[in-house]
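Summary of structural features
The chain contents come next:
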Amino acid sequence: MTSTTATTRSIHLAARPAGFPELTDFRMVEHPMPSAEAGRLLIRNLFMSIDPGSLMRIGAYPGIPMPPFAIGDVLSGDAIGEVIESGDPTVPEGALVLHRLGWREHALAEAQTVRVVDPDAYPSPSGYLGFGLVAYVGLTLVAGLTAGDTVFVSSAAGATGSMAGQIARLLGAGRVVGSVGSPRKAAYIVDELGYDTAVDYHDEPFVDRLRAAAPDGVDVYFDNVGGSQLRAAIEVMNAGGRIALCGALARQRAGGEPDAGPGDLLSVIGKRLTLRGFTTLDHLDLAPEFGRKLREWTAAGDIVRTETVIDGLENAPRALLDAVRGRYTGKVVVRLAR
Ligand SMILES: NC(=O)c1ccc[n+]([C@@H]2O[C@H](COP(=O)([O-])OP(=O)(O)OC[C@H]3O[C@@H](n4cnc5c(N)ncnc54)[C@H](OP(=O)(O)O)[C@@H]3O)[C@@H](O)[C@H]2O)c1
């Protein structure tokens, strides 16, 4: 007689990479399906988010706002799934829940750590994994965008940048400039997202390209990248300009090597610039306000949400590395079940 035991799979950190990770730094583990005891939920994950920020936890960069992953740990990140077994009366089986236990096909979560969401809010549950809130927080609360401002967004075709350019326009920006890494992405941000113009950060000297793209100067810089683009932006900023420091893609692509940073800060003083780092986790109270606006903009056809879907947990590590290498456009998600 044979007996079958249900199994499920998760992705673990196999080794701490010395630089940019290799696929061998990840390991897929198959293990018995857990069950939900009191207070817990067994969730069948439908989609997980691919977030370049997880490279910082994989590489244990110093100074990051989240703890690094330990070697052997299952990775984690945002995911959306369906509760298939509930040990908590407040979350019924069948509920769609947003949580932070991605990188696994099934998650066992404490009921109070998940958010039950409306299954009809988006055409696909993956809509909950979008990065619009990051863009909204950075532009409003952090950078204090005002009508007529010239806004510069780096990694403008990425998950956050593709939303930041559109949201800046909807909030009244006068001119919106984006930087990207290829002519294809330059055409995409202008033609599909409504950026006024695109600059390719490979074109040197970048500072001259940026100045030509923003001839009246930049009032708000939404920085996803750091490094040489931040240096150039500081040169082109207008007096009183505000820089929202969101991400560190230059460092993430360089395998954690610290970049040269902004360099001489005299012009920051001279121009009375504000550079402010932020993490959205501190501003989740803005989520309902942003959700309302996003629904209005979506209903009016004013905002485009671009998503790249990769199938299968086994392809998640490659999706992460390829996302940072610039292979994809918009938000990247991995579909874990249909
Ligand atoms: N502060 C927060 O609360 C918060 C929240 C979410 C994310 N983040 C951070 O914000 C940044 C953006 O996140 P995301 O998920 O929206 O990523 P993303 O922009 O979708 O990242 C992928 C893109 O990064 C670009 N890129 C990679 N290396 C680059 C470099 N050296 N210079 C310029 N562009 C480069 C590539 O575009 P090209 O093809 O154009 O090169 C690639 O397509 C990340 O650093 C992330 O960790 C911060």
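The name given to the chain in an unreviewed UniProt entry is NADPH-dependent curcumin reductase, with the source organism recorded as Nocardia africana.

**Here we look at the confidence of the model for the chain**
For any part of a model where pLDDT is low, the fine detail of the predicted coordinates should not be relied upon. When the pLDDT values of the chain are averaged, the result is 95; 99% of them are 70 or greater. The least confident element of the chain, judged by mean pLDDT, is helix 9 (residues 287-299) at 92; the most confident is strand 8 (residues 150-153) at 99.

**As for the packing of aromatic side chains**
Under the definition given, this model contains six aromatic pairs. Summarising the aromatic geometry, the rings of Tyr136 and Phe290 are spaced 5.2 Å apart at their centres and angled 40° between planes, so their arrangement reads as tilted. Separated by 154 residues along the polypeptide, Tyr136 in helix 2 (residues 132-142) and Phe290 in helix 9 bring together distant segments of the chain. In this pair, the class of Tyr136 matches that of Phe290, namely buried. Centroid distance Phe152 to Tyr221: 4.6 Å. Interplanar angle 10°. Geometry classified as stacked.

**Regarding the site of the ligand**
Near the ligand you find 29 residues, and of these Ser155, Thr160, Lys185, Tyr201 and Thr280 are the closest. One nitrogen or oxygen atom from the side chain of Ser155 is found 2.8 Å from an oxygen atom belonging to the ligand. With respect to the ligand, the backbone of Phe278 contributes an N or O atom lying 2.9 Å from a nitrogen atom. For the ligand, the accessible surface in isolation is 920 Å², of which the surrounding protein chains cover 91%. Contributions of two or more residues to the shell around the ligand are made by helix 3 (159-170), helix 7 (249-253) and helix 10 (316-325). When residues of the shell around the ligand are assigned to their parent elements, the largest contribution, four residues, is made by helix 7. Taken together, the residues that form the shell around the ligand break down as 15 nonpolar, 12 polar and two charged.

**What about the side chain of Asp149?**
Along the polypeptide, Asp149 turns up in the loop between helix 2 and strand 8. With near-sequence residues (within four places) excluded, Asp149 lies in contact with Gly144, Ala173, Gly174, Arg175, Asp219, Val220 and Arg242.

**Examining a nonpolar patch on the surface**
Taken together, the side chains of Met66, Leu281 and Leu284 define a hydrophobic patch exposed on the protein surface, amounting to about 230 Å² of accessible area. Tracing the backbone shows Leu281 in the loop between strand 13 (274-277) and helix 9.

**Side note on the domain arrangement of the chain**
Domain assignment breaks the chain into domain 1 (7-130 + 306-335) and domain 2 (131-281). Measuring from the centre of the C-alpha atoms in domain 1 to the corresponding centre in domain 2 gives 28 Å. Across the contact, 24 residues belong to domain 1 and 16 residues belong to domain 2. Between domain 1 and domain 2 the total buried area reaches about 1,600 Å² when both faces are included, carbon and sulfur atoms providing 55% of it. Considering only the side of domain 1, the residues that lose the most area to domain 2 are Tyr61, Val324 and Thr329, jointly responsible for 29% of the buried surface there. Counting across the domain 1 and domain 2 interface gives zero salt bridges. For the interface between domain 1 and domain 2, the tally reads nine residue pairs in polar contact (both at pLDDT 80 or more).

Parameters and conventions
- Residues numbered from 1 in each chain as written.
- Predicted model: local features only at pLDDT ≥ 70, side-chain atom pairs only at ≥ 80, totals over all residues.
- Heavy atoms only, no water.
- pLDDT = per-residue confidence, 0-100.
- Helix = DSSP H or I, 4+ residues; strand = E, 2+ residues; numbered from the N terminus.
- Phe/Tyr/Trp six-rings, centres within 6.5 Å; stacked < 30°, edge-to-face > 60°.
- Buried < 20%, exposed > 50% of the residue type's maximum accessible area, 1.4 Å probe, protein only.
- Near = heavy atom within 4 Å.
- Polar contact = N/O pair within 3.5 Å; in protein donor to acceptor, adjacent residues only side chain to side chain.
- Areas by Shrake-Rupley, 256 points an atom, 1.4 Å probe, with all protein chains shown as cover.
- Nonpolar A, V, L, I, M, F, W, Y, C, P; charged D, E, K, R; others polar.
- Contact = heavy atoms within 4.5 Å.
- Patch = residues over 30% accessible without salt bridge, like charges linked within 9 Å, V, L, I, M, F, W, Y side chains within 5 Å.
- Salt bridge = Lys/Arg side-chain N within 4 Å of Asp/Glu carboxyl O.
- Domains from an automatic or database assignment.
- Buried area = accessible area lost by both parts, 1.4 Å probe.

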